[in-house]
Amino acid sequence: MQDSVLALGGSDVRNLAIPGGQILDPDFWLSGDGPFGNFILPVLLAVVFIESGLLFPFLPGDSLLFTAGLLTRLDDPFAPLWVILVTAPIAAFLGDQAGYWIGHKFEKPLLARPDGRIFKQAYIRESHEFFEKHGPITIIICRFVPIVRTYAPLVAGMSGMRYKVFVAYNAIGAVAWAAGVTALGWALGEIQFIRDHIDLILIVIVLVSVLPMLIAGSRKIYARRKLANSESVPERAVDSPAADS
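Please read these numbers as outputs of a predicted model, since none were measured by experiment. (Residues numbered from 1 in each chain as written. Predicted model: local features only at pLDDT ≥ 70, side-chain atom pairs only at ≥ 80, totals over all residues. Heavy atoms only, no water.)

## Re the packing of helix α5 (residues 81–105) against helix α10 (residues 163–188)
Where α5 meets α10, the axes come as close as 8 Å, and the angle between the chain directions of the two elements is 145°. In terms of crossing hand, the pair formed by α5 and α10 is right-handed. Taken together, the residues that form the contact of α5 with α10 break down as 19 nonpolar, three polar and one charged. (Axes fitted to C-alpha atoms, helices over the stretch in contact; angles between N-to-C directions. Helix = DSSP H or I, 4+ residues; strand = E, 2+ residues; numbered from the N terminus. Left-handed = near helix turned anticlockwise from the far one by under 90°. Nonpolar A, V, L, I, M, F, W, Y, C, P; charged D, E, K, R; others polar.)

Here is the structure:
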């Protein structure tokens, strides 16, 4: 696919100061002239699997799937669109399963693990807060939020979320994210603005989708606090006639 990604205007993030330099650049993973040659599809699925739950959040999940969908419009793509639409959700689903299992089995060692270059306790705390705010639907929502999507299944496992519930939301989220973003790349990838801002666009979509829940939750919290404050107001002391004498 000689320079196919570049020719189609793949997102350029080479200047990001992260280990590996090009690791967040879809061109690095998807170019036929790159280091992976004819193994682009297995590499794509491996990246989706790893970012979905193996504690390595610094991979180009959104932009990679979006660019992959765009590349299926080529005369000689690395894989047909339908193949990616089927296999990418499976990889995303299995990645979250792995994350849930890690969280369920290794809760204490993970909570005691010190911060490193990739793993940080702050990521777990942020994912847990996100999970507490939105409940099981977080498993779907977090798919579209970088870093959070990597740690949400881990937190679900650590929090003891019922496995049957997790599996159901995981399956929906895997299809919505992996197949949805790929299809979006196929349909809208040639629009420059969308191609260059896909990560931001998806985050905005998530924020808009959860805004009604945030507003409703805030109103309930405000009402509870108002009621609690009104009940805690001390009764005014009644002057005793004896005290005036």
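So, next bit.
## As for the packing of aromatic side chains
This structure, assessed with the given rule, holds three aromatic pairs. Here Trp-101 and Phe-106 contribute two aromatic rings whose centre-to-centre distance is 5.6 Å and whose plane-to-plane angle is 75°, an arrangement assigned as edge-to-face. An aromatic cluster is built from Tyr-100, Tyr-163 and Phe-166, whose rings are joined through pairwise contacts. (Phe/Tyr/Trp six-rings, centres within 6.5 Å; stacked < 30°, edge-to-face > 60°.)

## Some details on the nonpolar core
Across soluble globular proteins, nonpolar side chains have a tendency to be buried as a group. Core analysis: the biggest nonpolar cluster contains 27 residues, and Leu-41, Leu-44, Leu-65, Phe-78, Ile-84 and Trp-177 have the highest contact counts within it. Sort the elements by how many residues they give to this core and helix α3 (residues 40–51) lands first, with seven residues. Not counting residues within four places of it along the chain, the set of residues in contact with Trp-177 comprises Val-48, Glu-51, Ser-52, Gly-61, Asp-62, Leu-65, Ala-92, Arg-143, Phe-144, Arg-149 and Thr-182. (Core = buried A, V, L, I, M, F, W, Y, C linked by side-chain atoms within 4.5 Å. Buried < 20%, exposed > 50% of the residue type's maximum accessible area, 1.4 Å probe, protein only. Contact = heavy atoms within 4.5 Å.)

## Details of the UniProt feature "transmembrane region" (unreviewed entry) in the protein
Here, the residues flagged by UniProt with the feature "transmembrane region" (unreviewed entry) are residues 39–59, 79–103, 166–188 and 200–217. As annotated, residues 79–103 has a helix share of 92% and a strand share of 0%, and its two end C-alpha atoms lie 34 Å apart. (UniProt positions renumbered as here; feature names shortened; annotations may be inferred.)

## As for the pattern of salt bridges
Tallied over the entire structure, the rule returns three salt bridges. Between Arg-149 and Asp-62 there is a salt bridge, and its shortest N-O distance comes to 3.2 Å. Highlighted residues: Arg-149 in helix α9 (residues 148–158) and Asp-62 in helix α4 (residues 61–71), separated in sequence by 87 residues. A salt bridge links Arg-143 to Asp-96; the nearest nitrogen and oxygen atoms lie 3.2 Å apart. Of this pair, Arg-143 sits in the loop between α8 (138–141) and α9 while Asp-96 sits in helix α5, and the two are 47 residues apart along the sequence. (Salt bridge = Lys/Arg side-chain N within 4 Å of Asp/Glu carboxyl O.)

## Things to note about the environment of Leu-65
Summarising the element assignment, Leu-65 is placed in helix α4. Taking the relative accessible area as the measure of exposure, Leu-65 reaches 0% and is therefore buried. A C-alpha to C-alpha distance of 9.6 Å links Leu-65 and Leu-45, two positions 20 residues apart in sequence. Once you skip the residues sitting within four places of it in the chain, Leu-65 turns out to touch Leu-44, Val-48, Pro-60, Ala-88, Trp-177, Ala-178, Val-181 and Thr-182.

## Description of a nonpolar patch on the surface
The grouping of Trp-82, Val-86, Ile-90 and Leu-94 at the surface amounts to a nonpolar patch, some 420 Å² of accessible area in total. Mapped onto the fold, Val-86 is located in helix α5. (Patch = residues over 30% accessible without salt bridge, like charges linked within 9 Å, V, L, I, M, F, W, Y side chains within 5 Å. Areas by Shrake-Rupley, 256 points an atom, 1.4 Å probe, with all protein chains shown as cover.)

## Here's the deal with the side chain of Arg-143
Its relative accessible area of 1% is what places Arg-143 among the buried residues. For Arg-143, the side chain forms a polar contact with the side chain of Ser-52, separated by 3.1 Å. From its side chain, Arg-143 meets the backbone oxygen of Ala-92 in a polar contact 3.0 Å long. (Polar contact = N/O pair within 3.5 Å; in protein donor to acceptor, adjacent residues only side chain to side chain.)

## Some details on the packing of α3 against α4
Remark: α3 packs on α4, axes separated minimally by 10 Å, with the N-to-C direction vectors making an angle of 150°. Considered as vectors, α3 and α4 are oriented roughly antiparallel to each other. When you trace α3 past α4, the crossing you get is left-handed. Contact residues: Leu-44, Val-47, Val-48 and Glu-51 in α3; Gly-61, Leu-64, Leu-65 and Ala-68 in α4. (Parallel < 35°, antiparallel > 145°, perpendicular 65-115°, else oblique.)

## Some points on α3
Helix length check: α3, at twelve residues, gives a terminal C-alpha distance of 16 Å against a target of 16 Å (1.5 Å per residue), a fit within 8%. Buried residues of α3: Ile-40, Leu-41, Val-43, Leu-44, Leu-45, Val-47, Val-48 and Glu-51, and no others. (Expected span 1.5 Å × (residues − 1).)

## Quick look at the environment of Gly-173
With respect to the helices, strands and loops of the structure, Gly-173 is situated in helix α10. Looking at Gly-173, the relative accessible area reads 0%, which means it is buried. Leaving out residues up to four positions away in the same chain, Gly-173 has contacts with Ile-140 and Arg-143.

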